[in-house]
Amino acid sequence: MNLELIMSDLEKRNPGQPEFLQAVKEVLETIIDVVSENPKYDAANIIERIVEPDRVITFKVQWIDDKGRVHVNRGYRVQFNNAIGPYKGGIRFHPSVTLGGLKFLGFEQTFKNSLTTLPMGGAKGGSDFDPKGKSNAEIMRFCQAFMAELYKYIGPDKDIPAGDIGVGGREVGYMFGMYKKLVGDHNGVFTGKGRNWGGSLIRPEATGFGNVFFAEEMLKTRGESMKGKIVAVSGFGNVSWGSIIKANQLGARVVTISGPDGYVYDPDGISGDKVDYLLELRASNQDIVKPYTFEYPSAQFFEGKRPWEVKCDVALPCAIQNELNLQDAQNLVNNGVMCVSEGANMPCTPEAMELFLEHKVLYGPGKASNAGGVATSGLEQTQNAQKLNWAAEEVEAKLHSIMCNIHEACVKYGREEDGYVNYVKGANVAGFIKVADAMIDQGVI
Ligand code: NDP
Ligand code: 2IT
């Protein structure tokens, strides 16, 4: 396998898609040995096949705002790979959404879903629609217009979407409602559904809970735990919220949250009613965290800055891709960070990741550490198929056990000669083998 040749060919075939190329390069660099040692992968040309999405669907979404003006957005679904199960992955509504961005997310999702041990293929979808400042009625009309096209391509055994940035319980509800009206079936086509109509307990918290469970497992390998640790979190959305709750439950002190406007530092810790306030802040439909400091004057706001300059033991980047660069990583390392666990997808730049690995930081890549969200989506599908609802404790126990299994798989394939666990390599190799072997089993189709 000639990595340079493969990458230069991919660059030619995927112009203007830097995030997709970044994600592919990271995976290929770490699976190169497995591919060289197992000629079956080369014989089946698996590398060229695994980096090409099965299908990319793009469509026009037309909707009318509250003033009667007509708008056009672009909708996408990237069905990346269904070798191990039906396509599965979230939907993102954010002005930064592009085809390249969704291809990166669909590619990552394929490996992440493989790691969960559940039968789920990889997909991602979304739109460049910006939910910020939109009324509830506008959000509903947009979701309905989006689904008026997407419904043709999804189904409970075909492709099962869920939430992601800008898509939470409300949006899933509006999209599911439209799907049901068009198709006529009340089935498990979405996950992250409302509790009263097929949703699973713990799914809203699951990504953050899973992220902290994964961090705890990493810390255990050094005889440490979350208890008493100072934690820096970025973002203030769904994944940040779940991570903060679980970090508090395990006895850590969370001292930051952030938004595109800057970060909040609360040395007293973000817990109790402050976590409830986070939900209010999100529901206010603004993109700022500054109001937190009006509510809790002990906290300080740092405009235009990122939380990675704060001294912490554990860093949990939970906002968006490439939000933690080399300088941020250097700050964290200088301040003695012990563990970095990614709640977001690819929040660390390649240079930041390299620095963490070089300094033997416990570094959990998103496809392993944030897999608890989609894993609990898988558990929601199982409950739908059984027509049963499990208790919160049961779902959380299964989530915990899945995160421990993912951690074990990473250790198995990522342990280096000096004992350091390279979780990036471990996650990529473990995720790859299962998908690649399934592709070989199923022939060239
Ligand atoms: P949300 O929309 O709930 O929250 C995203 C948060 O990050 C928002 O508060 C957003 O603010 C903020 N944000 C966006 N850009 C920046 C930035 N540049 N700096 C700081 N904050 C920023 O999304 P989720 O919590 O669901 O998703 C967050 C990340 O986790 C994404 O990478 C997603 O792909 C990943 N993820 C999500 C899963 C899920 O189940 N939801 C599962 C696994 C991974 P604003 O809206 O104002 O931009
Ligand atoms: O990135 C992700 O794993 C998600 N947004 C969750 C996907 C899902 O299908 O639950």
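Each chain has its residues counted from 1, running along the sequence as written. All chains are assigned letters beginning with A, and all ligands numbers beginning with 1, in the order in which they are written. Only residues with pLDDT of 70 or above have their local features reported here, since the model is predicted, and side-chain atom pairs are shown and tallied only from 80 upward, although totals for entire chains, interfaces and linings are computed over all residues. Side-chain figures throughout are based on the complete set of non-hydrogen atoms in the structure, without hydrogens or water.

*Asks:* Tell me about the site of ligand 2, residues and numbers included.
*Replies:* Neighbouring ligand 2 are 13 residues; Lys88, Lys112, Asp164, Arg203 and Ser377 lie closest to it. Within the backbone of Gly163, one N or O atom sits 3.1 Å away from a nitrogen atom of ligand 2. Any pair of N or O atoms that falls within 3.5 Å is considered a polar contact. Within protein, one atom must be able to donate a hydrogen and the other to accept it, and sequence-neighbouring residues count only if both atoms are side-chain atoms. In this structure, Ser377 approaches ligand 2 through a side-chain N or O atom, which is 2.6 Å from an oxygen atom. Computed with the Shrake-Rupley method and a 1.4 Å probe, the accessible areas treat only the protein chains shown as cover for residues. Here ligand 2, which alone exposes 300 Å², has 94% of that area covered by the protein. In this description a helix means any DSSP run of H or I spanning at least four residues, a strand means any run of E spanning at least two, and both kinds are numbered starting from the N terminus. Elements supplying a minimum of two residues to the shell around ligand 2: β3 (87-93), α5 (99-115) and α15 (371-386). For the shell around ligand 2, the element with the highest residue contribution is β3, accounting for 3 residues. Residue polarity follows a fixed list, in which Ala, Val, Leu, Ile, Met, Phe, Trp, Tyr, Cys and Pro are nonpolar, Asp, Glu, Lys and Arg are charged, and the others, Gly among them, are polar. Considered class by class, the residues forming the shell around ligand 2 number 2 nonpolar, 6 polar and 5 charged. Near, as used in this document, describes a residue that has one of its heavy atoms within 4 Å of the molecule or strand being considered.

*Asks:* Quick rundown of the packing of helix α8 (residues 203-220) against α15? Include the residues and the values.
*Replies:* Contact geometry for α8 and α15: axes closest at 7 Å, N-to-C directions at 140 degrees. At the point where α8 passes α15, the crossing takes the right-handed sense. Every residue of α15 that contacts α8 at Arg203, Ala206 and Thr207 is listed here: Gly372, Gly373, Val374, Thr376, Ser377 and Glu380. Considering only residue class, the contact of α8 with α15 consists of 2 nonpolar, 5 polar and 2 charged. A fitted line through C-alpha atoms represents every axis, and for helices the fit uses only the stretch in contact; the resulting angles, taken between N-to-C directions, go from 0 to 180 degrees. Two helices cross in a left-handed way if the nearer one is turned anticlockwise from the farther one by less than a right angle. They cross in a right-handed way if the turn is clockwise. The contact definition used throughout considers only heavy atoms, calling two residues in contact when any of these lie within 4.5 Å.

*Asks:* Lay out the pattern of salt bridges with the relevant residues and their values.
*Replies:* Each reported salt bridge corresponds to a side-chain nitrogen of Lys or Arg within 4 Å of a carboxyl oxygen of Asp or Glu. On inspection of all chains with the given rule, the structure shows 21 salt bridges. Among the salt bridges present, the one from Asp164 reaches Lys124, with a minimum N-O distance of 3.0 Å. In this pair, Asp164 sits in the loop between β5 (159-162) and α7 (169-183) while Lys124 sits in strand β4 (residues 122-127), placing the two residues 40 residues apart along the sequence. Relative accessible area decides the class of each residue, using a 1.4 Å probe on protein chains only: under 20% of the type maximum gives buried, over 50% gives exposed, and in between gives partly exposed. Using a relative accessible area of 2% as the deciding quantity, one classes Lys124 as buried.

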